[in-house]
Amino acid sequence: MIRSMTGFARSESQSPQGVLVWELRSVNHRFLEAQIKLPEGFRAVEADSRQVIARTVRRGKLDASLTLRVGGERQLHATLNPEFARELIGHAQTLAAAIGKTTPLNPVDILRWPGVLQEEETRVEALHPLALQGLERAVADLTASRDREGARMHALLESRCAEILARISAVRARLPIVLTAIRDRLNERVRSLVATVDPDRLEQELALIAQKLDVSEELDRLQGHVTEFRDTMKKKDEAAGRRLDFLLQEFNREANTLASKSADTETTRNAVDLKVLIEQMREQVQNVE
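Now for a quick tour of the structure.

Calculation notes
- Residues numbered from 1 in each chain as written.
- Predicted model: local features only at pLDDT ≥ 70, side-chain atom pairs only at ≥ 80, totals over all residues.
- Heavy atoms only, no water.
- Pairing = 2+ DSSP bridges.
- Helix = DSSP H or I, 4+ residues; strand = E, 2+ residues; numbered from the N terminus.
- Right-handed = clockwise from strand over helix to strand, strands pointing away.
- Buried < 20%, exposed > 50% of the residue type's maximum accessible area, 1.4 Å probe, protein only.
- Arc of directions from axis to C-beta.
- Contact = heavy atoms within 4.5 Å.
- Phe/Tyr/Trp six-rings, centres within 6.5 Å; stacked < 30°, edge-to-face > 60°.
- Axes fitted to C-alpha atoms, helices over the stretch in contact; angles between N-to-C directions.
- Salt bridge = Lys/Arg side-chain N within 4 Å of Asp/Glu carboxyl O.
- Parallel < 35°, antiparallel > 145°, perpendicular 65-115°, else oblique.
- Left-handed = near helix turned anticlockwise from the far one by under 90°.
- Nonpolar A, V, L, I, M, F, W, Y, C, P; charged D, E, K, R; others polar.

1. Examining the pairing of strand β3 (residues 32-37)
Then step 1. Across six bridges, β3 lies against strand β4 (residues 60-69) in parallel orientation. Each residue of the ladder has a partner; that of Ala34, found in β4, is Leu62.
Then step 2. The handedness of the β3 to β4 crossover, carried by helix α1 (residues 46-54), is left-handed.

If you want it as structure tokens, here you go:
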């Protein structure tokens, strides 16, 4: 079953040090591009995080962010770096004097600067396994979200395939009528001529015209592409988006040939309807993993 590349997921993990929160957002992309934002002390889990994501997500641009929400109890375990704080204050005062501003510094703003409050590394490292577990849950939720959207897309694309097959049947049924109309027009022109026309030559000309206007092969190929498109959508554990996009290019090629060979308004209308349906499908397929 096809899967969408668009989705969102969120997971929370409780710990004595605070709450670990993962947020994942994914959109369509040609390949898998994962951007991971991690707080201080969690850089070591980036490689493992990418592996967790790559095990399930094959295509799409994915933004993953981890935050550690801490409460008052957690702040007691933070150590002030006084040397770095004094250096930061000195730079701020120098800059304020240079621009002619003497606004007093807010101590809270200084504390928010990375590195002013130093976390106990051992306590943060202890959260690494919990962070990866939370990511696995978030990826599972993201996959479920993308699967649900994929199911809706599958139903829509399936209905478009059925409409294309209906147009193919309409054009097939019209072929004998079109050929008869061409024969009648040609006979009418012959009757309007003063000279006598060889019946055998007339049949040869009619056969050549019919061959040029014959779209049976195009209809057969288009019907075959629809079958392959449906089969591709049903395959499990496969990134089908690229193959579906390629098949729709073949759909469009056959529809264009059908339109160029059309010798009657009804066939032309069906060819235009086919191109509209194919374009609608291509818009959907751009978001298929």
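2. Remarks on α1
Then step 1. Looking only at α1, the buried set comprises Ser49, Val52 and Ile53. In an axial view of α1, the angular spread of the buried residues amounts to 95 degrees, which keeps them on one side of the axis.

3. A closer look at the side chain of Arg146
Then step 1. Residue placement: Arg146 occurs in helix α6 (residues 128-192).
Then step 2. Taking relative accessible area as the criterion, Arg146 reaches 1% and is therefore assigned buried.
Then step 3. Not counting residues up to four positions away in its chain, the partners in contact with Arg146 are Arg3, Ser4, Met5, Thr6, Gly7, Ser26, Val57, Arg59 and Glu289.

4. Observations concerning the packing of aromatic side chains
Then step 1. As enumerated under the stated definition, the model contains one aromatic pair in all.
Then step 2. Relative to Phe251, the ring of Phe229 has its centre 5.7 Å away and its plane inclined at 45 degrees; by these criteria the two rings are tilted. In this pair, Phe229 sits in helix α8 (residues 216-234) while Phe251 sits in helix α9 (residues 241-261), placing the two residues 22 residues apart along the sequence. Like Phe251, Phe229 is buried.

5. Details of the sheet that holds strand β2 (residues 18-27)
Then step 1. As summarised here, the arrangement of the four strands in space is β1-β2-β4-β3, forming an open sheet in which the pairing is mixed. The open sheet has two edge strands with one neighbour each: β1 (7-15) and β3. In this sheet, neighbouring strand axes are inclined to one another by 15 degrees on average, regardless of whether the strands run parallel or antiparallel.
Then step 2. One ladder, built from nine bridges, connects β2 with β4; its direction is antiparallel. Its bridge partner being in β4, Val27 is matched across the sheet by Lys61.
Then step 3. Where α1 meets the sheet, it contacts β2, β3 and β4, and its direction lies at approximately 140 degrees from that of β3.

6. Brief notes about the pattern of salt bridges
Then step 1. By the definition in use, this model includes 23 salt bridges.
Then step 2. For Glu289, the salt bridge goes to Arg3, with nearest N and O atoms at 3.5 Å. With Glu289 in the segment after α10 (265-285) and Arg3 in the segment before β1, this pair connects stretches of sequence that are 286 residues apart. You'll find Glu289 and Arg3 in the same group, each marked buried.
Then step 3. Each of Arg10, Glu12, Glu23, Arg25 and Arg69 takes part in salt bridges that share partners, so that together they form one network.

7. Some points on the packing of α8 against α9
Then step 1. The N-to-C vectors of α8 and α9 enclose an angle of 160 degrees; their axes lie 10 Å apart at closest approach. In terms of their interaxial angle, α8 and α9 are classed as roughly antiparallel. Taken as a pair, α8 and α9 cross one another with a handedness that is left-handed. Two secondary-structure elements touch here, α8 through Glu218, Leu219, Arg221, Leu222, His225, Val226, Glu228, Phe229, Thr232 and Met233 and α9 through Arg243, Leu244, Leu247, Leu248, Glu250, Phe251, Glu254, Thr257, Leu258 and Lys261.
Then step 2. Residues that form the contact of α8 with α9 fall into these classes: 10 nonpolar, three polar and seven charged.

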